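Residue-level listing of the chains:
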Amino acid sequence: MIEQETTPRLLIVDDTPANLNLLEEILSKENYAVRALPSGKLALRAAFAKPPDLILLDIKMPNMDGYEVCTQLKADERTRDIPILFISALQEVDDKVRAFEVGGVDYISKPFQVEEVLARVRTHLQMRTLQQKLSTAKQQAENANHIKSVFLASVSNELRDPLNSIIGFAQVLASAEQLPADLRPPTQHIQSSGEHLLTLINNVLDLSKIESGEMEIVLDTVDVNALVQEITTIFAWQAEQKSLALSCHTSLQTYLYADPKRLRQVLLNLLSNAIKFTATGHVSVYADYQDGYLNLCVEDSGQGISTEQQQEIFKPFTQLNVDPYKNQGIGLGLSITRKIITHMNGDIGLNSDLGKGCRFQVKIPLEPANIPYSKGIEKLAVGDMQAISVINNYPLVWLAALEQAVSLGESEQITDLLAHYDNEEMTQLQAWANQYAYQRILKWIAQAHLNAEHSR
Ligand SMILES: Nc1ncnc2c1ncn2[C@@H]1O[C@H](COP(=O)(O)OP(=O)(O)OP(=O)(O)O)[C@@H](O)[C@H]1O
Ligand SMILES: [Mg+2]
């Protein structure tokens, strides 16, 4: 028979010449390219040199039995996926079970029926072809997805600069005294639409980075208590505006090796949702470390999520159409959050009853860092927002809200916050804000924190 590229190649291994010859004869007649070998050792050498599409393997053979041959084939990258059909006179159930345990796909009892052997060989070859097609299709889909993510990431990056200019100039226009009153609302609209678009682009960029495998986890020694408290504080201003009771309960007794940037992002997303979707009541954050796992929990008394929708909300661009929250955000926060957590080998779960609030629970395996528990973190009293004091005459909650608004480039909110105090310092900050000198404002905030630190 002339062997073609597509002719399935079979390897038959049996130490009884009569069996070997018979199998070779019947399978060759079916136009398979057959190689027949009398020992396990020869079979291994042949399979590694030129992997066949299927192997028919006898069990009882001298020196090396079929189980051992199969085990070695399954342990090698080159031959791991080849279907192995055991063909043996052993009749005990245990023998058959063992054949499957070592990786066989089927078992044919001797003496065999020719038709049965042919039917099983045909079926397993078909299954192998389908499996190969499936894995090629999967690989192609993954490649295409990767290309899409890289494309999105570079486009998003390119869009950010011009968009920042649009937002910037809209803001300059909006604050220009000469601007006619009727042009003020549309100018502000350009600005707020630009800001909305910028958030979308930043989130898409994050998502594409994660999907294209570009998101790195950078481990550092992290004081998780301080981090959780700091992020909770960022939302104190918003919580106060909605009269929500915001509290933070942290009880870690050690620092952890973690990625502070990613932990921050997870908490920011969960907390911003909790505040956004809660009209009355409370939002509470819990953090502890047990048996090698960091447990974070963000709980609210908001609208809640029905059981059917609990899996949906983790998919990109999914937003539940609930008034009055329609059209707030873009529906990427939770999908990014879950991807980050999965990337850190962690898990996120949700307990919720519709109308009674949500409890998002995050569990991430992290190593403790060998640094003594610092006194420093006790400065912000755990879970007690009232204890947060005044820094440089400005409440810490206000400073945190300003820091958040500046970091996100939310110009309208920056102006609102600065308008709370009428003094020279605020005039200066507003001037910087008008020039987009956001780094200067952040430095000013950092300095305020430093001054407070020194005066303690
Ligand atoms: N704490 C919560 N309470 C009630 N519903 C929630 C809560 N968190 C999320 N959801 C629902 O899940 C949806 C998806 O949340 P996700 O954070 O992904 O998007 P978003 O907050 O709408 O927009 P984005 O985060 O991109 O600004 C929300 O639109 C909301 O319907
Ligand atoms: Mg969100």
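Residues numbered from 1 in each chain as written. Chains lettered and ligands numbered in written order. Predicted model: local features only at pLDDT ≥ 70, side-chain atom pairs only at ≥ 80, totals over all residues.

Caption draft 1: Here's a closer look at the environment of His 420. Residue placement: His 420 occurs in the loop between helix 12 (411-418) and helix 13 (424-434). Sequence separation of His 420 and Phe 100 is 320 residues, and the distance between their C-alpha atoms is 74 Å. (Helix = DSSP H or I, 4+ residues; strand = E, 2+ residues; numbered from the N terminus.)

Caption draft 2: Inspection of the sheet that holds strand 5 (residues 106-109) at higher detail. Read from one edge to the other, the open sheet built from 5 strands follows the order 2-1-3-4-5, with strand pairing classed as parallel. Looking at strand neighbours, the two that pair on one side only are strand 2 (33-37) and strand 5, the edges of this open sheet. In this sheet, adjacent strand axes meet at a mean angle of 20° when their direction is disregarded. Here 5 bridges tie strand 1 (residues 9-13) to strand 2, and the two strands are oriented parallel to one another. Counterpart to Leu 10 in the pairing with strand 2 is Val 34. Strands in contact with helix 2 (residues 40-49) are strand 1, strand 2 and strand 3 (54-57); relative to strand 1, the strand with the most contacts, it is inclined by about 165°. (Pairing = 2+ DSSP bridges. Axes fitted to C-alpha atoms, helices over the stretch in contact; angles between N-to-C directions. Contact = placed C-beta atoms within 7 Å.)

Caption draft 3: Structural view of the packing of helix 11 (residues 396-408) against helix 12. At a closest axis distance of 8 Å, the pairing of helix 11 and helix 12 adopts a crossing angle of 155°. Relative to helix 12, helix 11 is oriented roughly antiparallel. Between helix 11 and helix 12 the crossing geometry is left-handed. Only Gln 413, Ile 414 and Leu 417 of helix 12 make contact with helix 11, whose side of the interface consists of Trp 398, Ala 401, Leu 402, Ala 405 and Val 406. The residue makeup of the contact of helix 11 with helix 12, split by class, is 7 nonpolar, 1 polar and no charged. (Parallel < 35°, antiparallel > 145°, perpendicular 65-115°, else oblique. Left-handed = near helix turned anticlockwise from the far one by under 90°. Nonpolar A, V, L, I, M, F, W, Y, C, P; charged D, E, K, R; others polar.)

Caption draft 4: A look at the domain arrangement of the protein chain. As assigned here, the protein chain comprises domain 1 (9-112), domain 2 (144-211), domain 3 (220-385) and domain 4 (389-456). Measuring from the centre of the C-alpha atoms in domain 2 to the corresponding centre in domain 3 gives 27 Å. Contacts between the two partners involve 5 residues from domain 2 and, on the opposite side, 8 residues from domain 3. Across the side of domain 2 that touches domain 3, the residue classes break down as 3 nonpolar, 1 polar and 1 charged. (Domains from an automatic or database assignment.)

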